[in-house]
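Understanding the architecture of this molecule
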Amino acid sequence: MRHPSQVVFFVSDEPNTLFRSNSLASKSMESFLKVAGMQYLHRVLGPTINRVFEEKRYIELDPSKVESKDVGCSSLHWTQSESEVIQQSVHLLQSYLTDLLSAIAKSVKLCPAVIRAAFRQLFKRVGERFPEEKDQNVKFIAVTSFLCLRFFSPAIMSPKLFHLQEKHADARTSRALLLLAKTVQSVGNMDPVVSCAKEGWMAPLQPTIQQGVAQMKQFILQLLDIEEEEELDLQKALTLPGQVVKEGPLFIHKAKSKGPLLSSCFKKLYFTLTSEALTYAKTPNSKKISFIPVANIRAAEKVEEKCFGSSHVMQIVYTDEAGQAETVYLQCKVASRRQKRSWQARPWFSSELWILSRTESIR
């Protein structure tokens, strides 16, 4: 298995559109961050997200969306004007963004070495492709395109999907999270003037965003300061035989012939995914029933809900010893509400399997 930082990044000749499309490279890097950096994401974003949910403050910068709001007690209250609401919103967003950027700046040691090494390689390759003085920001933007735009911002907008909260946010909190995510994206774009020009009502945050850009650049330089020795040690650790990436019970259905896909055909087995193979057995300690080398896996993807009547099914296409294509379907079932949390991370299983199979295929 190759270390992610050894993967060659093929970049476009146009720096303004670098990694902005949903290309295979962008999607694979996005999946890699979710697999390798979820704990890191929780450590960095968790406190600020919790604060937004707890405070439930009304935040709005767009004048066309500002609502009149009564404040004060029943005996003494007044209606806030539009300008007062916006001014208060600016202060709150500045406070949230300052807390978040501070957490990011202090998180260098918390960031997994595998992610640091991958970003180091990305930064280096993009710098080689765009060496001109006018493009000095491009290598920083290449990193923030993934870190801010495809990792931090989506998690801020949808914290439940990233398991940062147990429930979806209400309308008021959702708007606050959206505006906070926009400011983080503006920092990641490294050009606050252009970002605020697109949405003029973001202008009051421009000084804070400008300061955030400087902080982000400093953070990235520290993040990439990983010694080659550390990278080599990391590569050796990733290629240790039998290293378990994921394990646990899943339901399997092996497609043997053409015909309808029946949910009743699934059988519960214990799966183990290592850097070398996907195996399954009746129990964790029993003899392996099947051994599928990661190098033989050709595809791992989610199956449409209508096929089995479940949204938690994935298919794996691989080649057997004779070189024939085989397909197996894996499903995680939620038996009760109590067990639901234990299955929340199971959809990432396909991402981990996909990353392992792709890195193996380019050895």
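Overview of the structure.

About the criteria used
Residues numbered from 1 in each chain as written. Predicted model: local features only at pLDDT ≥ 70, side-chain atom pairs only at ≥ 80, totals over all residues. Heavy atoms only, no water. Helix = DSSP H or I, 4+ residues; strand = E, 2+ residues; numbered from the N terminus. Expected span 1.5 Å × (residues − 1). Buried < 20%, exposed > 50% of the residue type's maximum accessible area, 1.4 Å probe, protein only. Pairing = 2+ DSSP bridges. Axes fitted to C-alpha atoms, helices over the stretch in contact; angles between N-to-C directions. Parallel < 35°, antiparallel > 145°, perpendicular 65-115°, else oblique. Left-handed = near helix turned anticlockwise from the far one by under 90°. Contact = heavy atoms within 4.5 Å. Nonpolar A, V, L, I, M, F, W, Y, C, P; charged D, E, K, R; others polar. Salt bridge = Lys/Arg side-chain N within 4 Å of Asp/Glu carboxyl O. Arc of directions from axis to C-beta. Phe/Tyr/Trp six-rings, centres within 6.5 Å; stacked < 30°, edge-to-face > 60°. Core = buried A, V, L, I, M, F, W, Y, C linked by side-chain atoms within 4.5 Å.

Compared with an ideal rise of 1.5 Å per residue, which puts 17 residues at 24 Å, helix H3 (residues 113–129) spans 24 Å between its outermost C-alpha atoms and is within 8% of the ideal. The set of residues buried in H3 consists of Val114, Ile115, Arg116, Ala117, Ala118, Phe119, Gln121, Leu122, Phe123 and Val126.

Moving on: the pairing of strand S6 (residues 288–293). Here strand S5 (residues 277–281) pairs with S6 via five bridges, running antiparallel. Within S6, the residue paired with Leu278 across the bridge is Ile292.

What follows deals with the packing of H3 against helix H4 (residues 138–157). Following both chains from N to C, one finds H3 and H4 inclined at 140 degrees, their axes separated by 8 Å at the closest point. On the basis of their axis angle, the class for H3 and H4 is oblique. Here the hand of the crossing between H3 and H4 comes out right-handed. Between H3 and H4, the residues in contact are Phe119, Leu122, Phe123, Val126 and Gly127 and Val138, Lys139, Phe140, Ala142, Val143, Phe146 and Leu147, respectively. Within the contact of H3 with H4, the residues separate by chemical class into 10 nonpolar, one polar and one charged.

Another point: the pattern of salt bridges. For the structure on display, the rule yields seven salt bridges. Between Glu30 and Arg150 there is a salt bridge whose closest N-O contact spans 3.1 Å. Taken together, the residues span a long stretch of sequence, with Glu30 in helix H1 (residues 24–55) and Arg150 in helix H4 at a distance of 120 residues. A salt bridge links Glu128 to Arg125, with the shortest nitrogen-to-oxygen separation between them at 3.3 Å. Of this pair, Glu128 and Arg125 both sit in helix H3, three residues apart, which is roughly one turn of the helix. Shared partners join several salt bridges into a network, and the residues in it are Arg51, Glu55 and Asp99.

As a further point, take unusual backbone geometry. Positive phi is not limited to glycine here, since Lys56 has a value of about 50 degrees. Tracing the backbone shows Lys56 in the loop between H1 and strand S1 (69–72). The partly exposed category is assigned to Lys56, whose relative accessible area is 40%. For His163, which is not a glycine, the phi torsion comes out positive at approximately 60 degrees. Tracing the backbone shows His163 in the loop between H4 and helix H5 (171–189). Residue His163 is classed as partly exposed on the basis of its relative accessible area of 26%.

The next thing to look at is helix H7 (residues 206–223). Relative to the 26 Å expected for 18 residues at 1.5 Å per residue, H7 spans 25 Å between its end C-alpha atoms, a close match to the ideal helical length. Residues Thr208, Ile209, Gly212, Val213, Met216, Phe219, Ile220 and Leu223 constitute the buried set of H7. Down the axis of H7, the sector holding all buried residues measures 145 degrees, keeping them to one side. Exposed residues lying more than 90 degrees from the buried face of H7 are Pro207 and Gln211. Considering only its buried residues, H7 is in contact with H1, helix H2 (82–105), H3, H4, H5 and helix H6 (192–198).

What follows concerns the packing of aromatic side chains. Within the structure shown, the criterion is met by four aromatic pairs. On the basis of an interplanar angle of 80 degrees and a centroid distance of 5.1 Å, the ring pair of Phe123 and Phe140 is categorised as edge-to-face. Here Phe123, found in helix H3, pairs with Phe140, found in helix H4; they are 17 residues apart in sequence, far enough to count as distant. For the pair Phe123 and Phe140, one class covers both residues: buried. On the numbers, 5.9 Å between centres and 20 degrees between planes, the contact of Phe151 with Phe152 is stacked.

Our next topic: the nonpolar core. Formed by 68 residues in total, the largest nonpolar core has its most connected members in Leu45, Phe119, Phe152, Ile156, Met216, Phe219 and Ile220. Sorting the residues of this core by element identifies H1, H2, H3, H4, H5 and H7 as the ones contributing at least two each. Top element by residues in this core is H4. It accounts for 12 residues. Excluding residues within four positions of it along the chain, Met216 makes contact with Leu101, Ile104, Thr144, Cys148, Val187 and Met190.

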